[in-house]
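# Structural characterization, general
Here is how the chains run, residue by residue.
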Amino acid sequence: MTSPTTPSATPLLQLPIEGMTCASCVGRVERALQAVPGVQSAHVNLATEQASLILGDQAPAAQVLEQAVAAVNKAGYQVPTQALELEVEGMTCASCVGRVERALRAVPGVQTAAVNLATERATVQLTAGVNAEQLMAAIAKAGYTAHPLRQAAEASDAADAHDAQSQRQQQAQKTLLRDLLLAAVLAAPVFVLEMGGHMLPGFHHWVGQWLPQQSNWLLQWVLTSLVLAGPGRRFYRLGLPALLRAAPDMNSLVAVGTLSAYLYSLVATFAPAVLPAGTVHVYFEAAAVIVVLILLGRWMEARAKGNTSAAIQRLVQLQAKTAWVLRDGAWQSLAIDAVQPGDAVQVRPGERIPVDGRVRDGESYVDESMISGEPVPVHKTSGAQVVGGTINQKGALTLEATEVGGNTVLAQIIRMVEQAQGGKLPIQAVVDKVTMWFVPAVMAAAVLTFVLWLLLGPSPALSLALVNAVAVLIIACPCAMGLATPTSIMVATGRAAQLGVLFRKGEALQLLKDAKVVAVDKTGTLTEGRPALTDLVLASGFERAAVLAAVAAVERQSEHPIAQAIVQAAQAEALQIPPLSGFESVTGFGVRAQVGSTRVEVGADRMMAQLGADVSVFADDAARLGAEGKTPLYAAIDGHLAAMIAVADPIKPTTRAAIDSLHAMGLKVAMITGDNRRTGEAIAQQLGIDEVVAEVLPDGKVEAVKRLRAAHGALAYVGDGINDAPALAEADVGIAVGSGTDIAIESADVVLMGGDLRGVVTAIVLSRTAMRNIHQNLFWAFAYNVALIPVAAGLLYPINGTLLSPVFAAGAMALSSVFVLANALRLKRFRTGL
């Protein structure tokens with residue numbers, strides 16, 4: 001999008017513009033752009049939909065571009081944006097995250113940049129046309145390396161991308177383990193030679209008999225030099241350049257701390273006369289053991305971070321690699337990315353279904369627990385829909401592929417989880433502000449510690465000043481701050497996906513815990529979303545099978561949903577539906593026909609009155625059905641009242657338990673429906689719903705959401721239909737039932753894959769649990785530093801003579817990050833108890 005310069009070295013920006021249709025649009029955009037400060041001239045090309053801006057020599061390109069985009073938008077046109085993901089290598093702490101984000105935001109055209117330490121990814125929203133090379137160059141200038149993340153357009157690409165990432169993580173773990181073991185082997189003799197006397201009385205005297213002090217120190221110098229130059233080299237290669245750029249990070253703290261101890265020991269070994277009397281001591285063991293302990297922490301971090309992404313790796317592994325496809329009249333085993341929509345695909349018993357499709361032939365049971373969370377296999381016959389990644393059990397199926405590659409349900413689930421894991425919660429903004437200044441503040445604290453001990457400390461002041469300053473540098477841990485939030489997000493959203501709850505946006509994980517009211521749509525959310533025969537009350541002398549078969553025979557001639565529900569009920573009971581003749585529809589009354597030698601009439605009570613049939617015998621049952629919001633129909637056979645029938649949209653069997661659980665959590669439950677008030681209130685009474693808003697159109701649902709939020713507080717809305725999309729978007733958190741429409745799902749923040757309202761309970765409980773976990777992590781990360789940095793500086797020395805060794809400081813620092821990761825990983829064991 002940005003070219004370096006014009007031939008006259010005048011900065012030039014090129015901006016894509018959308019929405020222009022004529023020459024007057026061009027003029028309007030040009031005038032808007034020329035009014036932007038720093039723009040010397042602007043030329044807009046309607047054919048290419050590009051604006052070329054020539055800037056003043058001193059004009060900051062990033063600022064001008066931001067103002068130019070705003071000017072175009074204000075003029076009524078758009079500058080298209082695109083999202084780009086980069087993998088960033090070399091980040092070790094929260095300070096690194098802030099540095100990479102600032103570098104990206106400084107690139108002209110970048111609107112937002114979010115970097116996740118746990119996933120080591122940067123998500124950038126930028127003006128269309130900005131290329132990845134510009135972003136990678138900015139990251140490289142900040143001291144890190146990056147490369148574009150391979151876009152998973154196909155299922156196989158997604159698997160390959162995750163395999164590559166997994167291999168990189170495993171290789172990083174192997175490298176860290178190798179360096180850790182080497183450092184430990186080299187540092188162990190140094191530690192024993194220097195600290196052995198503190199643990200075993202007489203040890204120093206024994207060592208001195210065969211190894212004089214100078215030789216002892218020389219041996220420690222050689223071994224420590226090997227530790228720092230070998231396994232410890234990474235800290236200096238990354239930390240010292242960052243320090244020279246005035247942008248210190250965690251590596252800088254380790255580098256300065258260990259080098260300080262090493263160089264002081266070097267002077268004590270080879271030029272002791274330079275040091276004041278009484279200060280000639282070596283601290284080789286501190287430098288060597290600090291490297292070992294921090295490498296130990298990094299290795300444990302790497303292993304734990306690998307575990308945080310285990311859920312998404314399991315999802316990727318659900319994707320089939322090959323499929324049996326009918327090509328040229330023969331079944332062939334093809335790579336999954338060779339399958340096309342419309343292909344005939346064969347799935348044998350025990351195989352994983354490779355694509356989303358429709359059953360053409362065969363019968364089997366399919367384990368769909370990965371989608372619905374239900375362990376009971378689902379019966380599949382001709383015409384049934386199947387989902388890629390689910391497992392065919394005993395029967396063979398022939399499918400017609402409907403969705404393949406990146407369009408399958410499983411691929412969409414993976415994308416949703418990835419997006420949620422890469423997101424930043426609002427709470428992270430506080431952490432970012434703190435960590436921006438954390439490392440410089442720690443280095444300032446270390447300098448202050450050194451100066452105060454040097455001026456005010458007891459003899460040997462120089463040694464004590466050095467030891468305490470190094471302890472301050474080493475004990476500080478921005479790593480724990482940087483990992484506190486993203487690791488919990490990764491584990492929580494991954495666990496949620498396993499439970500059939502997809503967080504499309506990571507922010508929903510934080511916002512959902514604050515919900516005070518849950519508003520739900522009725523049809524398809526509380527209910528099954530399709531009419532079904534709910535009641536068949538028989539008159540004396542009639543049998544259920546005979547009556548239902550006769551009524552179904554008549555209703556089979558009608559396309560009305562109520563009629564279809566009666567027919568489906570008869571088919572579900574395996575009844576033989578007899579043929580009929582003389583079908584007649586009587587407007588406002590019902591239908592009649594001759595079924596064999598029997599005359600059958602089905603309709604309202606007024607049709608029965610015409611026949612002279614007295615429906616008062618069903619008065620009690622009719623009153624009950626009315627209270628449940630159902631309208632009864634009556635059936636007569638040969639003029640005699642035979643049965644009362646009720647067809648309704650049945651409530652899902654799990655709905656009542658879900659609403660009871662929401663009430664137990666202190667939440668108010670409201671129902672918003674377009675259905676009539678009588679039916680809505682009847683269902684609300686059955687389910688214990690607190691408030692009913694009935695007979696509303698889609699815009700009325702939005703108004704209801706606003707009113708409920710004003711009355712009760714933060715609101716989560718649950719719906720499944722197109723008419724729910726506006727309300728889902730308006731709610732603080734929109735929750736779509738996964739069996740609903742694509743539009744509803746796209747408008748939602750959370751998707752329930754199983755269509756079960758208990759998923760709302762799972763989502764809210766998980767949100768509360770995850771946020772509690774994040775608060776624990778942040779408290780530990782901050783409290784650790786607030787409490788131990790003063791201790792490392794020697795605050796307790798005047799009170800009880802306590803000083804903190806840099807070695808113990810390094811151990812505490814490593815453990816702080818491991819504690820945060822271990823705490824986040826507890827979310828993998830999350831259970832709702834439903």
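Residues numbered from 1 in each chain as written. Predicted model: local features only at pLDDT ≥ 70, side-chain atom pairs only at ≥ 80, totals over all residues. Heavy atoms only, no water.

Per an unreviewed UniProt entry, the recorded name for the protein chain is P-type Cu(+) transporter, and the organism is Comamonas piscis. Per UniProt, the protein chain has the following entry under Sequence similarities (unreviewed entry): "Belongs to the cation transport ATPase (P-type) (TC 3.A.3) family. Type IB subfamily." (UniProt positions renumbered as here; feature names shortened; annotations may be inferred.)

### Notes on the sheet that holds strand E14 (residues 378–380)
Taken in spatial order, the three strands make up an open sheet running E14-E13-E16, and their pairing is antiparallel. On the outer flanks of this sheet lie E14 and strand E16 (391–392), each paired with one strand and no other. Note: strand E13 (residues 364–367) against E16, two bridges, orientation antiparallel. What sits directly across from aspartate 367, in E16, is isoleucine 391. (Pairing = 2+ DSSP bridges. Helix = DSSP H or I, 4+ residues; strand = E, 2+ residues; numbered from the N terminus.)

### Describing the sheet that holds strand E20 (residues 532–538)
Note on sheets: strands pair through backbone hydrogen bonds, and any given pair is parallel or antiparallel. Ordered in space as E20-E25-E24-E23-E22-E21, the six strands form an open sheet in which the pairing is antiparallel. One side of each edge strand has no neighbouring strand; the edge strands of this open sheet are E20 and strand E21 (581–586). Here the average twist between neighbouring strands, direction ignored, is 20 degrees. Across four bridges, E21 lies against strand E22 (residues 590–595) in antiparallel orientation. Paired with glutamate 584 across the bridge in E22 is arginine 592. Helix H20 (residues 561–572) rests against E20, strand E24 (632–637) and strand E25 (640–648) of the sheet, and its axis sits at about 105 degrees to E25. (Axes fitted to C-alpha atoms, helices over the stretch in contact; angles between N-to-C directions. Contact = heavy atoms within 4.5 Å.)

### Some remarks on the side chain of threonine 449
Residue position: threonine 449 is located in helix H14 (residues 428–456). Owing to a relative accessible area of 8%, threonine 449 belongs among the buried residues under this scheme. Among the polar contacts listed, one links the side chain of threonine 449 to the backbone oxygen of alanine 445, at a separation of 2.8 Å. Those residues within four positions of threonine 449 in sequence are excluded, and the remaining contacts are Asn468, Ala469, Val472 and Ala793. (Buried < 20%, exposed > 50% of the residue type's maximum accessible area, 1.4 Å probe, protein only. Polar contact = N/O pair within 3.5 Å; in protein donor to acceptor, adjacent residues only side chain to side chain.)

### Remarks on the nonpolar core
Core analysis: the largest hydrophobic core is formed by 141 residues, its most contacted members being Met91, Leu104, Leu135, Phe503, Ile735 and Val760. Each of domain 2 (81–151) and domain 4 (499–527 + 652–769) contributes no fewer than three residues to this core. Aside from chain neighbours lying at most four places away, what touches valine 760 is Val518, Leu662, Val718, Ile735 and Leu752. Among the nonpolar cores identified, the runner-up in size contains 28 residues, and Leu536, Leu548, Val591 and Val647 belong to it. (Core = buried A, V, L, I, M, F, W, Y, C linked by side-chain atoms within 4.5 Å. Domains from an automatic or database assignment.)

### As for the pairing of strand E9 (residues 322–327)
In the sheet, E9 pairs with strand E10 (residues 330–335) via six bridges, with the strands oriented antiparallel. Its bridge partner being in E10, leucine 326 is matched across the sheet by tryptophan 331. Between E9 and E10, which pair antiparallel one after the other, the connecting turn spans two residues, and aspartate 328 there sits at a positive phi close to 55 degrees. Direction of pairing for E9 relative to strand E11 (residues 344–347): antiparallel, over a ladder of two bridges. Following the sheet pairing, valine 325 is matched in E11 by valine 345.

### Points about a nonpolar patch on the surface
On the surface, Val447, Leu448, Val451, Leu452, Leu454, Leu455 and Leu456 cluster together into a nonpolar patch covering about 680 Å² of accessible area. Looking at the secondary structure, you find leucine 455 in helix H14. The exposure class assigned to leucine 455 is exposed, which follows from its relative accessible area of 64%. (Patch = residues over 30% accessible without salt bridge, like charges linked within 9 Å, V, L, I, M, F, W, Y side chains within 5 Å. Areas by Shrake-Rupley, 256 points an atom, 1.4 Å probe, with all protein chains shown as cover. Salt bridge = Lys/Arg side-chain N within 4 Å of Asp/Glu carboxyl O.)

### Examining the packing of aromatic side chains
Overall, the coordinates contain six aromatic pairs when judged by the stated rule. Ring centres 5.1 Å apart and planes at 80 degrees place the aromatic pair tryptophan 221 and phenylalanine 270 in the edge-to-face group. Of this pair, tryptophan 221 sits in helix H7 (residues 213–229) while phenylalanine 270 sits in helix H9 (residues 250–270), and the two are 49 residues apart along the sequence. Three or more aromatic residues link up through ring pairs in this structure, and these residues are Trp780, Tyr784 and Phe819. Above the face of the tryptophan 324 ring, arginine 348 is positioned so that its terminal group lies 3.9 Å from the ring centre. (Phe/Tyr/Trp six-rings, centres within 6.5 Å; stacked < 30°, edge-to-face > 60°. Lys NZ or Arg CZ within 6 Å of the ring centre and 35° of its normal.)

### Some points on the UniProt feature "transmembrane region" (unreviewed entry) in the protein chain
When the UniProt feature table is mapped onto this chain numbering, "transmembrane region" (unreviewed entry) sits at residues 176–195, 215–232, 253–274, 280–299, 434–456, 462–485, 778–797 and 803–825. Between the end C-alpha atoms of residues 280–299 the distance is 35 Å, and the span holds 80% helix and 0% strand. Between the C-alpha atoms that bound residues 778–797 there is a distance of 28 Å. The span itself is 85% helix and 0% strand.

### Some thoughts on unusual backbone geometry
Looking along the chain, the bond that leaves serine 459 and enters proline 460 is cis, with omega of -5 degrees. You can see proline 460 is positioned in the loop between H14 and helix H15 (461–475). Phi angles above zero are rare outside glycine, and aspartate 638 is one such case at about 50 degrees. Tracing the backbone shows aspartate 638 in the loop between E24 and E25. Within the chain, glutamate 695 stands out as a residue other than glycine whose phi angle is a positive 55 degrees. Tracing the backbone shows glutamate 695 in the loop between strand E27 (691–693) and helix H25 (698–712).

### Some words on the pattern of salt bridges
With the rule as written, the count across this model stands at 20 salt bridges. In this structure, arginine 358 and glutamate 400 form a salt bridge, with 3.7 Å as the shortest nitrogen-oxygen distance. In this pair, arginine 358 is assigned in strand E12 (residues 356–362) and glutamate 400 in strand E17 (residues 397–403), connecting sequence segments 42 residues apart. On the accessibility criterion, glutamate 400 (26% relative accessible area) is partly exposed. Each of the salt bridges in this network shares a partner with another, and the network as a whole consists of Glu584, Arg592, Arg599 and Glu601.

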